[in-house]
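Observations on the three-dimensional arrangement
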Amino acid sequence: MLLSAFAGANNVHIVPAANTYVQIRGLAWPAILIGWVAQSASLGMKDSWGPLKALAVASIINGIGDILLCRVFSYGIAGAAWATMASQVVAGYMMVENLNKKGYNAYALSIPSPKELIAILELAAPVFITMTSKVAFYSLLIYFATSMGTISMAAHQVMIQTFCMCTVWGEPLSQTAQSFMPELIYGVQRNLEKARMLLKSLVLVGAVLGIVLGSIGTAIPWLFPNIFTPDQLVIQEINAPPSQPNTSTRQPWWRPRGSRTMRHGEAPRGDNHGNPTNPQDEQLGNTRDILVDEGDPKNPRNTDNREARPNDPKTSHRNTNRGNVQPENPESSRMNTDVRKTRPGDQGFT
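These figures come from a predicted structure and were not determined experimentally.

1. Let's talk about helix 3 (residues 29-44)
- The first and last C-alpha atoms of helix 3 sit 23 Å apart over 16 residues, in line with the 22 Å expected at 1.5 Å per residue.
- Considered for burial, the residues of helix 3 that qualify are A31, I32, G35, A38, S42 and L43. One side of helix 3 holds all its buried residues, which, seen down the axis, span an arc of 135 degrees. Of the residues in helix 3, the exposed ones pointing more than 90 degrees away from the buried face are W29, L33, W36, V37 and G44.
- Backbone geometry just downstream of helix 3 places K46 in the positive-phi region, at approximately 60 degrees.

2. Quick look at the packing of aromatic side chains
- Under the defined criterion, the tally for this structure stands at four aromatic pairs.
- Summarising the aromatic geometry, the rings of Y143 and F144 are spaced 5.6 Å apart at their centres and angled 75 degrees between planes, so their arrangement reads as edge-to-face.
- A residue is classified by how much of its surface remains accessible, and Y143, at 39% relative accessible area, is partly exposed.
- Ring pairs connect the aromatic residues F137, Y138 and F163, which therefore count as one cluster.

3. Topic: the UniProt feature "transmembrane region" (unreviewed entry) in the protein chain
- The residues that UniProt annotates with the feature "transmembrane region" (unreviewed entry) are residues 27-45, 52-69, 75-94 and 202-224.
- Secondary structure content for residues 202-224 is 96% helix and 0% strand, and the end C-alpha separation is 31 Å.

What counts, and at which threshold
- Residues numbered from 1 in each chain as written.
- Predicted model: local features only at pLDDT ≥ 70, side-chain atom pairs only at ≥ 80, totals over all residues.
- Heavy atoms only, no water.
- Helix = DSSP H or I, 4+ residues; strand = E, 2+ residues; numbered from the N terminus.
- Expected span 1.5 Å × (residues − 1).
- Buried < 20%, exposed > 50% of the residue type's maximum accessible area, 1.4 Å probe, protein only.
- Arc of directions from axis to C-beta.
- Phe/Tyr/Trp six-rings, centres within 6.5 Å; stacked < 30°, edge-to-face > 60°.
- UniProt positions renumbered as here; feature names shortened; annotations may be inferred.

Encoded structure:
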């Protein structure tokens, strides 16, 4: 149900594959949580080599697993999920073993006391709010991307992976600040001068790294999109998403194709043969737009489909005048008839 809501009505066909991927990846969630705790403990003790080794081994396992399961054995998205799950389990195990080598019993289970629980909540509350906000933000991005169709979703996946690869380079700066800044500000060996120097160094390195990674992250999908996908539709969506149709230049719905509009003061097309203009057309308050489709064979005013008969009132030049179109209002028709009868030379042409 939740996957269907995220996928949207346009991508219902991907729900079974997504369900398979989530179920397999869900098996590694306990190992992921344990690995995060062990990694934070190691970084808190200023040990970055243990997490680095675990990350390197996990990356190798994930890469080899993707090639074997997806390319060689053709397991598809399920193979990618199994490879990622295995790498995360191995990474969690290596981080726990790294703590055991330092003299800690990482496999011991204990229930915290109420005071310890309150202390943990006070420390974890800001981090919990930050992580929850990030998850909500990225979930909202995924929701809107999947609602735009399969092509847009694939392009979003390419761009979000590029973003993640660039943000990984900033993670060491974050871990350095979390490991050293608390001790320099609140620790036994408190030194605010060193804390300021470390802060300036982190900000400077972060600014330079951000500019470089931002340029790389923008240039690679733009100049080398084929390294992500061979699909030209996805590449077009990555580089230049199609704009919305410009409705300002479209023909109005009320004007049929091939028609023209006769406005007040416009000379009628064709031979008028001296037929007088409707007096109401000379009044500004009674200006009317008349649609005339000259190419329509069913149009009664199309004289090309009739045989001209001089004595036939139905085909006379005066009655087939295209510019003098009588209004449909009966009162207005009688008024026009009365006005015409008062003109000399118009007797008999009503």
